[in-house]
Amino acid sequence: MSLPIKFRQMLFVLIFGSVVIAVASLAFAYQASLIPASRLINPDELVKILQSAKSERPLMIQVGSHVLYMQAHIPGSEYIGPASSESGLQSLRKRVESLPRNKFIVLYCGCCPWSHCPNVKPADDALHAMGFNNVKVLYIANNFGADWVEKGYPVAKGD
Amino acid sequence: MKKWILRGLALIAVVAGLYFVTRHHGERTTMRSTGTREPSPAPDFSLSDLAGQNLQLLSYRGKVVLLDFWATWCDPCREEIPHLIELQNKYGEQGLQIIGVSMDDGPEPVRDFYQRFKMNYPVVMGNAKTGELYGGVLGLPIAFVIGRDGRIYSKHIGATNISVFEKEIVALLG
């Protein structure tokens, strides 16, 4: 049984379009830009929380490069390894597995401009998959130097 | 049929446009030239290259050096590499030396990347101390253009158009 030409053409465009979209989705998969705005926290908001005696202090986890962490990081934050790698994700899961699922956790990286960061989205996805419901990702538009250090926010060095 | 092909192409264009907008949102290219002030000397360092040999910046005095802080996991850094290879090919004989300073946590992925991309300039493994020497490398890529006199003529934070590098290099090569 042969299908009408118009139907075949429509089918062709649908299949072709789906393939293109699927390939593009794979390319977008790790992008920080896909993290919903409701899960982001701006640097100034985080600084206010850290300075407030009343606010719950979050567990802050740096999910980027160790070399960058050694140069500057948020005081009290922990280095866990780049979440773009499987070993980094495993370390992250291990670090939080015993914590209550409503624990306030802030993830950050700042290695690269936001849309290029390969680390924050996999980290955020991993915590949500584990059932954590109070996770925020620090929105660093350009890099940790420009959007945190140069703004005069608190910084620690070394391990 | 032609109409449907056109529709298919339009769909690709929309997806490609979306991809471009998403990828490049928030990207920043900044050039900080030292302007009219006396350019400051490039801090010297001695670091291991991927073969374990020491590379000292001072030994490149007399050449125009493009010092590129990068990492294999950094997308905009990776996108710049083929262009840097081209620049090294084009201006190497006239006195350009590109030096990559990898800020990866270990050399294994860098060695693999170096071979895959057929990089034609030395890459050393950087560390926090090197970053601090250069005012803090707290985001990648960051590149410094150093003149034959060993002074820093410009600093570029973020992805930089290769024509910007080329213009500066040609001016310094003289």
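Here's a quick rundown of the structure. (Residues numbered from 1 in each chain as written. Chains lettered and ligands numbered in written order. Predicted model: local features only at pLDDT ≥ 70, side-chain atom pairs only at ≥ 80, totals over all residues.)

## A short note on the overall build of chain A
- When helices and strands are counted, chain A shows six helices and five strands.
- Along chain A, helices and strands appear, N-terminal first, in the series α-β-α-β-α-β-α-β-α-β-α.
- Per-residue burial over chain A gives 38% buried out of 159 residues.
- A sequence separation of at least 24 residues applies to 71% of the contacts in chain A between residues at least 6 apart. (Helix = DSSP H or I, 4+ residues; strand = E, 2+ residues; numbered from the N terminus. Buried ≥ 20, exposed ≤ 12 C-beta atoms within 10 Å, placed from the backbone. Contact = placed C-beta atoms within 7 Å.)

## Focus on the sheet that holds strand β3 (residues 78-79) of chain A
All names here are of chain A.
- Reading across from one edge, β1-β5-β4-β2-β3 is the order of the five strands in this open sheet, with parallel pairing throughout. The sheet is open, and its two borders are formed by β1 (40-41) and β3, each paired with just one other strand.
- Relative to strand β4 (residues 105-108), strand β2 (residues 59-62) runs parallel, the two sharing four bridges. By the bridge assignment for β4, Leu59 is matched with Ile105.
- Across the sheet, helix α5 (residues 120-129) is in contact with β4 and β5 (135-138); its angle to β5 comes to roughly 175°. (Pairing = 2+ DSSP bridges. Axes fitted to C-alpha atoms, helices over the stretch in contact; angles between N-to-C directions.)

## Quick notes on the nonpolar core
- Within the largest apolar cluster, 76 residues are counted, with the highest numbers of intra-cluster contacts made by Val63, Leu92, Leu107 and Val120 of chain A together with Leu66, Met103 and Leu140 of chain B.
- Considering each element in turn, this core owes the most residues, six residues, to strand β4 (residues 64-70) of chain B.
- If we skip the residues at most four places from it in the chain, Leu66 of chain B touches Leu96, Ile98, Ala143, Val145, Phe165 and Ile169 of chain B. (Core = buried A, V, L, I, M, F, W, Y, C linked by C-beta atoms within 7 Å.)

## So, α5 of chain A
All names here are of chain A.
- Counting buried residues along α5, seven of its ten residues qualify, which places the element largely inside the surrounding structure.
- Three or more residues of α5 are buried, namely Val120, Lys121, Pro122, Ala123, Asp124, Ala126 and Leu127.
- Once α5 finishes, Gly131 follows within two positions and takes phi at roughly 100°, a positive value.

## Things to note about the environment of Trp114 of chain A
- Within the fold, Trp114 of chain A resides in the loop between β4 and α5.
- Through-space distance from the C-alpha of Trp114 of chain A to that of Asn142 of chain A is 6.1 Å; in sequence the pair is 28 residues apart.

## Focus on the environment of Pro58 of chain A
Residues and elements named next belong to chain A.
- Tracing the chain through its elements places Pro58 in the loop between α2 (43-51) and β2.
- Taking the number of C-beta atoms within 10 Å as the measure of exposure, Pro58 has 21 and is therefore buried.
- Sequence separation between Pro58 and Lys136 is 78 residues; the distance between their C-alpha atoms is 9.4 Å.
- In contact with Pro58, not counting residues within four places along its chain, are Ile49, Phe104, Ile105 and Val106.

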